[in-house]
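Fold and geometry: a report
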Amino acid sequence: MLRRLSISTRLSALFALVLVATLITGVAAIWQSNSDQKLAVRLENVLRSNADIEKLNGLIYAVVMDSRGIYMAKDAAAAKPFADGMARNLDRMVEVVRGWEARVEPEDRALFNEMRGRVDQFRQFRLDMAARGLAEGPAAARALGDNDQNRAVRSALNKDLEALATSLDRASNRIADDGEAVHATGVMLVVGAVLLAFLLSLFGMWMARAGIARPIIALSAAMERIARGDTAVTVPERGRSDEIGTMAGTVEVFREAVANSERLKLSLEGESRARGERQTRLETSVRDFEGDAAAALTSVVDLAARVAGSARSQIDTAEDSKRRTRTMAQASRQTTVNVQTVAAAAEELSASIGEINRRVAEAASTARAAVVTAERSSGAMQSLDTAAQRIGDVVGLIQSIAAQTNLLALNATI
């Protein structure tokens with residue numbers, strides 16, 4: 001499931017959870033602080049209410065003592081200071097009750113209202129007693145105040161204060177319990193938030209190491225192997241749909257590109273080797289052809305030289321035959337002028353000799369042309385062969401003529 005989410009989404013979710021844990025810690029701290037503050041206010045109110053109870057008890061005791069002072073005074077003038085002090089203490093009781101009223105808890109409101117009524121009753125009774133003492137004398141004041149009714153009012157007021165003190169004591173215990181609960185809840189929330197942040201941190205470390213660092217290290221190792229030419233490596237993490245998967249796809253493209261490059265390189269090297277081998281074979285063939293052509297040309301030149309030599313030898317032989325024929329013709333003409341047959345033969349021989357001279361000259365010219373052509377180019381092989389055949393024909397003709405000449409000379413001699 002996590003692999004389907006992008007790394008940025010996972011990191012954002014992780015940071016959000018850490019932020020939530022931090023917020024929980026902050027909220028828990030704020031809540032505990034506010035709760036402690038509220039408990040402190042409640043506890044302060046309880047303590048101040050207890051202090052007010054103590055003040056009222058003290059003021060009641062002071063009023064009682066002032067009442068006794070009035071009772072025991074000799075006359076009204078002696079009772080007046082006690083009456084004035086009692087009036088001040090009664091006024092202070094009213095102020096204490098008025099200040100306490102603003103801090104009364106809802107559960108203590110009924111007890112407080114009853115106690116406030118008792119204070120008003122107690123105050124009014126004591127003021128009436130003091131006024132009578134000042135007006136009629138201490139005895140009249142004593143008669144009004146020193147009785148069971150007055151003591152019943154004071155006793156009821158004391159009981160009201162005791163009930164309020166008991167309620168405040170219970171409130172103090174509740175505040176203490178609430179404080180412990182708030183403290184325990186705050187500690188639990190803070191510990192839970194810290195534990196959550198710790199677990200999220202461990203999860204983030206694991207995710208960063210297993211989900212990010214290790215795949216990147218594996219991809220880096222694969223890229224290094226690919227860069228060294230190992231294209232058989234399997235690119236890891238290609239099945240992921242996050243940024244690591246995208247990187248793996250890119251590395252796979254890189255691997256295929258390197259593999260194609262290596263195949264192209266091997267193909268080019270093979271073609272280069274084949275081209276080199278073809279070039280070598282071609283150069284070898286050219287050298288062999290040049291050697292063969294040079295050898296053939298040398299052979300042709302030698303053959304042409306031999307043919308030319310043979311032609312010159314034939315020409316010399318023809319010339320010698322011509323001279324001998326001329327000599328024999330002269331001898332024949334001198335030997336027999338009357339022999340018509342010999343004369344005709346001599347004439348025919350002379351014509352034949354002229355033809356021999358013409359053909360010998362033509363053969364010599366053809367031989368010289370063949371030599372020049374052989375020296376200029378080896379491409380005249382066919383012409384040279386033709387010329388050689390013609391020379392052969394001429395040689396045959398010369399041999400035929402020579403045979404005829406010898407025959408004629410023999411006949412002439414005969």
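Quick caveat: nothing in here was measured; it's all calculated off a predicted structure.

Analysis parameters
- Throughout this document, residue positions are counted from 1 along each chain, in the order its sequence is written.
- Predicted model: local features are reported for residues with pLDDT of at least 70 only, side-chain atom pairs are reported and counted for 80 or more only, and whole-chain, interface and lining totals are derived from all residues.
- Each side-chain value is derived from all of the structure's non-hydrogen atoms; neither hydrogens nor water enter the calculation.
- The predictor rates its confidence in each residue with pLDDT, a number between 0 and 100.
- Only DSSP runs of H or I with at least four residues qualify as helices, and only runs of E with at least two residues qualify as strands; both kinds are numbered from the N terminus onward.
- What makes a patch is a set of residues exposed beyond 30% relative accessible area and free of salt bridges, joined within 9 Å when like-charged and within 5 Å when nonpolar (Val, Leu, Ile, Met, Phe, Trp, Tyr).
- Residue-level accessible areas treat just the shown protein chains as cover; the underlying method is Shrake-Rupley with a 1.4 Å probe.
- Between Lys or Arg on one side and Asp or Glu on the other, a salt bridge is scored when a side-chain nitrogen of the former is within 4 Å of a carboxyl oxygen of the latter.
- Nonpolar core, defined: a set of buried Ala, Val, Leu, Ile, Met, Phe, Trp, Tyr and Cys residues in which side-chain atoms within 4.5 Å join the residues together.
- Relative accessible area decides the class of each residue, using a 1.4 Å probe on protein chains only: under 20% of the type maximum gives buried, over 50% gives exposed, and in between gives partly exposed.
- Should any heavy atoms of two residues lie within 4.5 Å, those residues are counted as being in contact.
- Helix span is expected to be 1.5 Å times the residue number reduced by one.
- Only C-alpha atoms enter the line fits that serve as axes; for helices the fit covers just the stretch in contact. Angles between N-to-C directions range over 0 to 180 degrees.
- Roughly parallel means an angle under 35 degrees; roughly antiparallel, over 145; roughly perpendicular, 65 to 115; everything else is oblique.
- By convention, the crossing between two helices is left-handed when the near helix turns anticlockwise from the far helix through less than a right angle, and right-handed when the turn is clockwise.
- Gly falls in the polar group here, along with every residue not listed as nonpolar (Ala, Val, Leu, Ile, Met, Phe, Trp, Tyr, Cys, Pro) or charged (Asp, Glu, Lys, Arg).
- Counted as a polar contact is a pair of N or O atoms within 3.5 Å, where, for protein atoms, one must be capable of donating a hydrogen and the other of accepting one, and residues adjacent in sequence contribute only when both atoms are in side chains.

**Some words on the confidence of the model for the protein**
- Here the protein averages 77 in pLDDT, and 70% of its residues register 70 or above.
- The spread of mean pLDDT over the elements of the protein runs between helix H7 (residues 340-376), the lowest at 59, and helix H2 (residues 76-101), the highest at 93.

**A look at a nonpolar patch on the surface**
- A contiguous nonpolar patch, built from Leu-19, Leu-23, Val-27, Trp-31 and Leu-189 and spanning about 450 Å² of accessible area, is present on the exposed surface.
- Examining the composition of the nonpolar patch, we find that 4 residues originate from one element, helix H1 (residues 7-72), more than from any other.
- For Leu-23, the location among the structural elements is in helix H1.

**Looking at the nonpolar core**
- Core analysis: the biggest nonpolar cluster contains 37 residues, and Met-93, Trp-100 and Met-115 have the highest contact counts within it.
- If you tally residues by element for this core, the top one is H1, at 10 residues.
- One finds Val-233, Val-235, Ile-244 and Val-258 within the second-largest nonpolar core, a separate group that totals 11 residues.

**Some words on the environment of Trp-31**
- With respect to the helices and strands, Trp-31 occurs in helix H1.
- A C-alpha to C-alpha distance of 8.7 Å links Trp-31 and Val-182, two positions 151 residues apart in sequence.
- In contact with Trp-31, not counting residues within four places along its chain, are Val-182, Thr-185, Gly-186 and Leu-189.

**A closer look at helix H3 (residues 109-136)**
- With 28 residues, H3 ought to run about 40 Å at 1.5 Å a step, and its terminal C-alpha atoms sit 40 Å apart, in line with that.
- Positive phi appears at Gly-137, one or two residues downstream of H3, with a value of about 115°.

**Section: the pattern of salt bridges**
- Tallied over the entire structure, the rule returns 10 salt bridges.
- Between Glu-101 and Arg-116 there is a salt bridge; the shortest N-O distance is 2.6 Å. Here Glu-101, found in helix H2, pairs with Arg-116, found in helix H3; they are 15 residues apart in sequence, far enough to count as distant.
- The class for Glu-101 is partly exposed, based on a relative accessible area of 29%.
- Note on Arg-116: relative accessible area 27%, which makes it partly exposed.
- Between Glu-107 and Arg-174 there is a salt bridge; the shortest N-O distance is 2.9 Å. One end of the pair, Glu-107, is in the loop between H2 and H3; the other, Arg-174, is in helix H5 (residues 148-227), with 67 residues separating them in the sequence.
- Overall, the relative accessible area of 44% leaves Glu-107 in the partly exposed class.
- Classification of Arg-174 as partly exposed rests on a relative accessible area of 33%.

**Points about the packing of H3 against H5**
- Where H3 contacts H5, the axes come no closer than 9 Å and their chain directions differ by 150°. When the axes of H3 and H5 are compared, the pair comes out roughly antiparallel. The way H3 lies across H5 gives a crossing that is left-handed. In this structure, H3 uses Leu-111, Phe-112, Glu-114, Met-115, Arg-118, Val-119, Gln-121, Phe-122, Phe-125 and Arg-126 to contact H5, whose residues at the interface are Asn-150, Val-153, Arg-154, Ala-156, Leu-157, Asp-160, Leu-161, Ala-163, Leu-164 and Ser-167.
- Its residues assigned to classes, the contact of H3 with H5 shows 12 nonpolar, 3 polar and 5 charged.

**Here we look at the side chain of Glu-252**
- Relative to the helices and strands, Glu-252 is located in helix H6 (residues 243-335).
- Assessed through its relative accessible area of 11%, Glu-252 is described here as buried.
- Of the polar contacts made by the side chain of Glu-252, one reaches the side chain of Arg-255; its length is 2.8 Å.
- For Glu-252, the residues in contact, after removing those within four places along its chain, are Val-235 and Arg-238.

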